[in-house]
Amino acid sequence: EKGGYEHFMLKEIFEQPKSIHDTLRGRLLVEEGIIKMAGIWDHLERLNQAQKITIIACGTSWHAGLIGEYLIEEFARIPVEVEYASEFRYRNPIITDKDIVIAISQSGETADTMAAIKMAKEKGAFVYGICNVVDSSISRVTDAGSYTHAGPEIGVASTKAFTSQLTVLSLIALKLGKHNGHLSNQEFMKLITELDALPKKVEEVLESTHENVKEIAKHFIGAQNFLYLGRGYNFPAALEGALKLKEISYIHAEGYPAAEMKHGPIALIDENMPIVIIAPKQGHYDKIVSNVQEIKARKGRVVALVNKGDTQVASVADFVIEFPETSECFSPIIASIPLQLLAYYIAVYRGANVDQPRNLAKSVTVE
Ligand code: F6R
C-alpha cells in the first residue's frame, strides 16, 4: 500500500502533483475563466459582506491558515485573523453574526477545532470548513465548506493535505476577489493560469530537488537546532518547515519571519546553527540577500531555497535548493516540497520512525 515507497510520508510527498490536481479538478476552469466552488457560490453575498474572517485551526492546518490570511487579504480585501483553535475557544473572542469563521482540518476530527466551531456558531458566525476527510465530524457541523480531496493521508506528519489546503485557500481568495471586484479580470486570469500550472511545477520540483535534498540532509544528521526563515507568504512556509523537522526528526527547530532575526534569534547563530532560508525572486528578495549575509558573517550554515538561475543568494549559501518560479502567492506550495523532503531524509538518516513519530497521533480527538 506504500506503492513501492519506504514510508507513507515519502509516498504522500510524491503524490502531490496528483493531490493538487485533484484539489483543482472541476473547480478551476481556466478556459472559461472561472472558479467553480458551490460552497462559496451559494453563500457569496454572506461571505463578501463579512466584517472579518477568522481562520481557526491547529498545527499544520494553522500554518495553512496563515497563508490563507495573506491570500484573502491580498485578493479579496477582507480582514482576516488566524487563531489557534485552542486559544480562540477559551478567550471569549469578539464574534457576531456578521463574522465568517473558516475552520481548517485535515482529519476533520480535531477536538479543539471542533469546540471552537461550536462556540463560533453559538455566537452566530457562519462557519466554513476546509477538511480532507469526507464526512468527518467537522465537515458535518460546518454551515458550508470545500473538501481538499488530497486523498487519505496516513503519515502522521501532514504533507499533501497541507499543499491541498493552500490550493483550496487560493481558490477561495481568488473567487471572492473576482466577485467582489477587488481583482481585475486580467489579474484573475493571470493567477488562475499560474494555479493551473502548479501540479506540473510540483512534479518538476520533486524531480529536480529529490537527490540534492537527500545529499544535503546527510550534512545535518547531528544538528541539534535549526532555524527556518522566510518573508511574506513564505514566513508561514518556514514555520511549517520547522514543524515538519521537529515532529519527525526530534531536532529542535524554529521558524521566524526573516526580518525578525535581528530581534533575538540572531544571538543564537554560530557554526552549529543551521539555517534554512526561503528566498524566491519575488517578495523582498534584496532583504533576504542581506539576511543571508548577516548569517554568513556569524558563520551559520545556510541552506537556501532559491528560484532557478539565482546567483546572489546561491553564491553565499552553503547549500542551494532550486525551485521553479511561480507567482509569489503560490510559492509556499512549491517551496514546502523540498522542505518536506529535507525533514524526511534527516529523520530517516537518524533512524526515526517517520510515519509514526513518538507521542503523536494522526488525529487529536482529545484536547
Ligand atoms: C503536523 C500535524 C499536526 C496537525 C494538527 C491538526 O504534521 O499533522 O500538527 O496538522 O494536529 O490536525 P487536523 O488538520 O487534522 O485538524
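Above this note sits the structure.
In this text, all values refer to a predicted model and were calculated from it rather than measured experimentally.

Participant: Describe the packing of helix H12 (residues 234-249) against helix H15 (residues 331-349), listing the residues and the values that go with them.
Facilitator: For the pair H12 and H15, the least separation of the axes is 9 Å and the interaxial angle reads 20°. Comparing their axes, H15 and H12 come out roughly parallel. The interaxial crossing formed by H12 with H15 has right-handed handedness. Side by side, H12 and H15 meet where Asn 234, Ala 237, Gly 241, Lys 244, Leu 245, Ile 248 and Ser 249 of the first sit next to Ser 331, Pro 332, Ala 335, Ser 336, Leu 339, Ala 343, Tyr 344, Ile 346 and Ala 347 of the second. Taken together, the residues that form the contact of H12 with H15 break down as 10 nonpolar, five polar and one charged.

Participant: Pulling in residues and values, what's your account of the pairing of strand S9 (residues 252-257)?
Facilitator: Pairing analysis gives six bridges linking strand S8 (residues 225-230) to S9, with the strands arranged parallel. If you follow Gly 230 over to S9, its bridge partner there is Pro 257. Note on the crossover from S8 through H12 to S9: the handedness is right-handed.

Participant: With reference to specific residues and values, describe the site of the ligand.
Facilitator: Around the ligand, the structure places 15 residues, and the nearest of them are Ser 61, Ser 105, Ser 107, Thr 110 and Glu 247. Between an oxygen atom of the ligand and a side-chain N or O atom of Ser 61, the distance comes to 2.6 Å. A distance of 3.0 Å separates an oxygen atom of the ligand from a polar side-chain atom of Lys 244. When contributions to the shell around the ligand are tallied by element, the ones reaching two or more residues are helix H5 (59-76) and H12.

Participant: Outline unusual backbone geometry, supporting the account with residue identities and numerical values.
Facilitator: For Asp 135, which is not a glycine, the phi torsion comes out positive at approximately 65°. If you trace the backbone, Asp 135 turns up in the loop between strand S6 (126-131) and helix H8 (137-141). Of note, Asn 359 is a non-glycine position whose phi angle comes to about 70°, a positive value. By the element assignment, Asn 359 lies in the segment after H15.

What counts and how
- Within each chain, residues carry numbers counting from 1 in the order of the written sequence.
- The predicted nature of this model means local features are confined to residues of pLDDT at least 70 and side-chain atom pairs, given and counted, to a pLDDT of 80 or more, with totals for whole chains, interfaces and linings taken over all residues.
- Only hydrogens and water are set aside; all other atoms, that is, all heavy atoms of the structure, feed into the side-chain values.
- Inter-axis angles, ranging from 0 to 180 degrees, are taken between N-to-C directions of lines fitted to C-alpha atoms, where helices are fitted over the stretch in contact.
- Helix numbering and strand numbering both begin at the N terminus, where a helix is a DSSP run of H or I of at least 4 residues and a strand a DSSP run of E of at least 2.
- We call two directions roughly parallel when the angle between them is under 35 degrees, roughly antiparallel when it is over 145, roughly perpendicular when it lies between 65 and 115, and oblique otherwise.
- Note: crossing handedness is left-handed where the near helix turns anticlockwise from the far helix by less than a right angle, and right-handed where it turns clockwise.
- Residue contacts follow a heavy-atom distance rule, with two residues in contact if any of their heavy atoms lie within 4.5 Å.
- Charged residues are taken to be Asp, Glu, Lys and Arg, nonpolar residues to be Ala, Val, Leu, Ile, Met, Phe, Trp, Tyr, Cys and Pro, and polar residues to be all remaining types, Gly included.
- Here the rule is simple: two strands pair whenever DSSP picks up at least two bridges between them.
- For crossovers, right-handed means that the path from the first strand over the helix to the second runs clockwise, given strands pointing away from the viewer.
- A single heavy atom is enough: if one lies within 4 Å of a molecule or strand, its residue is considered near that molecule or strand.
- Polar contact is the term for a pair of N or O atoms within 3.5 Å; when the atoms are in protein, one must be able to donate a hydrogen and the other to accept it, and sequence-neighboring residues count only if both atoms are side-chain atoms.

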